[in-house]
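Understanding the architecture of this molecule
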Amino acid sequence: MGRLGVLACQAASLAAVVLAWHVAVRTGLADPLFVPAPATVATALWTTAREALPRLGDTLLKTLAGYALAVGLGVAGGLVLGSRRLVHAVAMPYVVAAYGVPKILVLPWIALTLGLGTSTAVLTGTLFAVFPILLMVAAGVRDVDPTLVTAAVSMGATRGQVSRKVLLPAVLPSVLAGMRVGIVFAMLGVLLAEMFAGTRGMGFLMQRMAMAFKASELFAATLIVSILSIVVVLSLEHLNQRLSRWR
Amino acid sequence: MATTRRSFLKTIAGGTAVATSGAWRPGPARAATAVKVGCVVLGDLGINAPTMIGIEKGFFKENDLDAEMVPFKGGPDLLKGVLSGAADIGLTGATDPLVFRERGTGIRAIATILEKNHFTLTVGPLIKKVEDLKGGSIGVTVVGSTTWVFARMLAKKMGWDPEKDIKIVGVGGLDAQAAALRRGETQACIFGDAGSVLEAQGVGRILMRLDEVTPKWISLVAYATDDLIKTKRDTLQRTLRGIFQGHKFFRDNPDESIRIASKGIGWPEPAARRAYDLVKPLLSVDGRMDLDAMKVMQDTLLDLGVLKQRLPLDQHYTTEFVPVKI
Amino acid sequence: MKILAWRLGILVAILAVWEAVAAPLNPLFYVRPSVLPGALLGMWRVPDLPPLGEHVWLTLQEIAGAYVLAVAAGLWLGFLLGLRRTVGRIYEPLLAALYAVPSVVWYPSLMLFFGLGSASKIAFGVALGFFPIVLSVLAGIRQVPATLVTVAQSMGARPFTVFRKVMLPAMASTMVGGLRAGLALSVVGVLVGEILGSRAGIGYVINYAYGLMMTREYAVLAVIAAAAVLAIDTAGALVEARVKRWAG
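In this text the structure is predicted, and so the values were computed from the model without any measurement.

Turning our attention to the overall build of chain B. What chain B contains, in helices and strands, is 13 helices and 10 strands. Here the C-alpha coordinates of chain B stretch approximately 70 × 50 × 35 Å along the principal axes. Burial statistics for chain B: of 326 residues in total, 58% are counted as buried. Within chain B, residue pairs in contact and separated by at least 24 positions form 82% of the contacts whose partners lie at least 6 positions apart. Treating the 44 positive side-chain charges of chain B as one cloud and the 37 negative ones as another, the clouds have centres 2 Å apart.

Written out as structure tokens, the structure reads:
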């Protein structure tokens, strides 16, 4: 089946789902209080978009801020963690443990000390994104062919030169991979913070809609955020492919 | 000595202010001071209406203030907002300064907003009398709020175990309460004057007013941190003046007040009118606090186990801002 | 040995720094680690919070329920997409797109649909947990050397035998990795669901402490919950290591 065929099937499946959904609500199989009809969601998209857009912008800004911090910390930390054998052996269990602990447990404390505003959301975003980046970069550094390093050193390269000219280019794919994963985690952290302790962003809006039973608005908002994040990730993928071709 | 994050920031802010004080600036015009009035919920006439009136009618501007209303979703959230500077003054249920001061946060009540007790117990269609609630759920805003305290009081009065015989659920704002009632998630909810709105929506009916459970009480107060009381006393005084000018307007102009409030909160006017009738006789004229009532509240909270220790009552309030002269 | 000493040293250093930094600060916001054991004892003797035992038990039940459903859904979907090539080509990209959406956006809709009770937490745990399982099944199927399958079939083996004797051992290590990740995510899903809005469970108790500014008690609860999650994950890791050794 060719690519066009696959695309057609995908579109057809989505259409079938929407149709079944419509029928379910029409026949009363699904309670319209909990499951709004597709048509109402479509109309709600327009009204929700207007209310959602500034909030979406707010959420995106916080996500980017948290993401930037996470990339900085994660890449730097990952390089250190991966390149020094002792540091790696000693610190790794702690990093893995910190990664394994659900970060939401810390969120109440962050909200308590930083309040219900932007800093809480940004810090949570950073917290969620930094660990996967750190681990992936560290793994990438460890995977670097040691003969390359030995060769460079034997030619008289200093530590800094080894880092810059050998490690960095070899590690780049892992860094980029980590960065791609990181953006979803950063957005996750920001939305979570907004739902738990926020007054402004998209997460707060969605939580409020859920509690107030604004089903069609909530579906519409969920759709908007989902499409946005898919677009963001796809563009990063595209960017990544472009970069690797150039390299 | 324990230092707080806020006092550290205050020192920085104070230093910067001194360094850049515009004493040399010519001209008498005084720039309007920004003030954020934190309201514990959006969905209570007594809490939201006077501030909305003050903003719309320009009372705050008259007092050289650029006021902004910041709604929260319950007492604990408002507290965090006030502590972190997201709000300068908090308008909330009167148990908050008692409960949270005892916990160690440096806040105190500065004026009464609403006297006595305007909170209501609204029930869903299946409930005919209070006893029917046993085994069900009561919706309150958030754990730790005034509505939560009332739910505990009600449970105690009925002789119920607040964990086993009844479930007290933090549901959130008024929209959420209505949704939970409609869905059967909760069988009753405790809220302020908004019970009338729930009745108007057909979601439930007011079964009782909570002043039946509280002999002496204060409904709503305004509070601020000790820090702000010391450093921004003038701003707080002017803010109170703006709010109380709103109170006076509210009393003297029912129709327009109802219009402003229902537009701002999002209620249909007939429902807002019923809430208005409930609130008007209780709206404080000059902010003076009934200290007897406050002592009764403290006793009740101790009795419930919500307060663990009795602090001297004068730590929970200050009378330097009242009576509010408009 | 030297490494172990270093690790212990780091732990001690972290605790010491935490203690030193928190000591002069407001105890309402900054909890020193040294007060935690005392607070735990206090919580045991004077129950200020809702009864922990039953709430923790409820959370564990929700986790179990979510994981079982996640495994069932994940395995079913994974094999469906993996064994039927065309179906896989059509739906795998859609699945990958879903993976790009921050999972927490599903939660408000789940809360609206299922309410504040356990159902929404279980549903969210399933939504999070089934992903790694599906992905690992897909990856595992791809790992099976096609030649082995052909050889087995040519020797007249029935499909189920081929599955059991050829595919499963080849897929085992990859799949168990996904099952372990699925467990971790189911746990996270249930916890997040409880903290964002619930009537019961350890997340509810954490929210309770947070609302009433019971910072010390909240810290104790958070530490306990973190330790429990790490314990569950360590158990998962042990099982994974065992399976990997068996699969060769």
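Next comes the rest of the account.
What follows deals with the domain arrangement of chain A. Residue and element names in this part refer to chain A. When the domains of chain A are assigned, the result is domain 1 (1–30) and domain 2 (36–246). The straight-line distance from the C-alpha centre of domain 1 to that of domain 2 is 32 Å. Contacts between the two partners involve 4 residues from domain 1 and, on the opposite side, 5 residues from domain 2. Here domain 1 and domain 2 share an interface that buries about 350 Å² over both sides, 84% of which is from carbon and sulfur atoms. Contact with domain 2 buries area across many residues of domain 1, yet Trp21, His22 and Val25 alone supply 92% of it, more than any other trio. Scanning the region where domain 1 abuts domain 2 turns up 0 salt bridges.

Let's shift gears to the packing of aromatic side chains. Geometry of an aromatic ring pair is reported as the spacing of the ring centres plus the angle between the planes. The full count for this structure, using the stated rule, is 14 aromatic pairs over all chains. Look at Phe119(B) and Phe150(B): their rings are 4.9 Å apart centre to centre, the planes differ by 55°, and that puts the pair in the tilted class. Here Phe150(B) lies in helix α6 (residues 146–157) and Phe119(B) lies in the loop between β4 (107–115) and β5 (120–123), a separation of 31 residues in the sequence. Residue Phe119(B) shares its accessibility class with Phe150(B), and that shared class is buried. Relative to Phe124(C), the ring of Tyr107(C) lies with its centre 5.0 Å away and its plane at 50°, an arrangement referred to as tilted. Placement of the pair is Tyr107(C) in helix α5 (residues 106–114) and Phe124(C) in helix α6 (residues 118–143), with a sequence separation of 17 residues. You can call Tyr107(C) buried: its relative accessible area is 0%. Grouped by ring-pair contacts, the aromatic residues Trp109(A), Phe29(C) and Tyr30(C) constitute a single cluster. Between Lys103(A) and the ring centre of Phe128(A), over which it is positioned, the NZ or CZ distance is 6.0 Å. Stacked on the ring of Tyr210(C), the Lys or Arg Lys80(B) has its end atom at 4.0 Å from the ring centre.

Below, the discussion takes up the sheet that holds strand β8 (residues 188–191) of chain B. Residues and elements named next belong to chain B. Spatially, 5 strands are ordered β7-β6-β8-β5-β9 in an open sheet, and the strand pairing comes out mixed. Edge strands, defined here as strands with exactly one partner in the open sheet, are β7 (167–170) and β9 (205–209). Between one strand axis and the next, the sheet turns through 30° on average, direction left out of account.

On to the interface of chain A and chain C. Facing 51 residues of chain A, the contacting portion of chain C comprises 46 residues. When the two sides are added together, the surface that chain A and chain C hide from each other amounts to roughly 4300 Å², 79% of it contributed by carbon and sulfur. When residues of chain A are sorted by the area they lose upon contact with chain C, Tyr94(A), Leu105(A) and Leu112(A) head the list and together hold 15% of the total. If you look at where chain A meets chain C, you find 9 residue pairs in polar contact (both at pLDDT 80 or more).

On to the confidence of the model for chain B, then. For chain B, the average pLDDT comes to 86, and 91% of its residues sit at 70 or higher. Across residues 1–28 of chain B, where pLDDT falls below 50, the model places 26 contacts with residues more than four positions away in sequence or in other chains.

On the chain C side, the residues contacting the 27 residues of chain B number 27 residues. Of the roughly 2100 Å² buried where chain B meets chain C, counting both sides, 57% is carbon and sulfur surface. The interface formed by chain B and chain C contains 2 salt bridges. Residues Glu54(C) and Lys164(B) are paired through a salt bridge, measuring 3.6 Å at the closest nitrogen-oxygen approach. For the pair chain B and chain C, the number of links is 7 residue pairs in polar contact (both at pLDDT 80 or more).

Strand residues, when the strand is regular, have side chains that alternate between the two faces of the sheet. All names here are of chain B. Both strand β6 (residues 137–140) and β7 contribute to a ladder of 4 bridges, which runs parallel. What sits directly across from Gly139, in β7, is Val169. The handedness of the β6 to β7 crossover, carried by α6, is right-handed.

Analysis parameters
- Residues numbered from 1 in each chain as written.
- Chains lettered and ligands numbered in written order.
- Predicted model: local features only at pLDDT ≥ 70, side-chain atom pairs only at ≥ 80, totals over all residues.
- Heavy atoms only, no water.
- Helix = DSSP H or I, 4+ residues; strand = E, 2+ residues; numbered from the N terminus.
- Buried < 20%, exposed > 50% of the residue type's maximum accessible area, 1.4 Å probe, protein only.
- Contact = heavy atoms within 4.5 Å.
- Lys, Arg positive; Asp, Glu negative; His and termini not counted.
- Charge placed at Lys NZ, Arg CZ, Asp CG, Glu CD.
- Domains from an automatic or database assignment.
- Buried area = accessible area lost by both parts, 1.4 Å probe.
- Salt bridge = Lys/Arg side-chain N within 4 Å of Asp/Glu carboxyl O.
- Phe/Tyr/Trp six-rings, centres within 6.5 Å; stacked < 30°, edge-to-face > 60°.
- Lys NZ or Arg CZ within 6 Å of the ring centre and 35° of its normal.
- Pairing = 2+ DSSP bridges.
- Axes fitted to C-alpha atoms, helices over the stretch in contact; angles between N-to-C directions.
- Polar contact = N/O pair within 3.5 Å; in protein donor to acceptor, adjacent residues only side chain to side chain.
- pLDDT = per-residue confidence, 0-100.
- Right-handed = clockwise from strand over helix to strand, strands pointing away.

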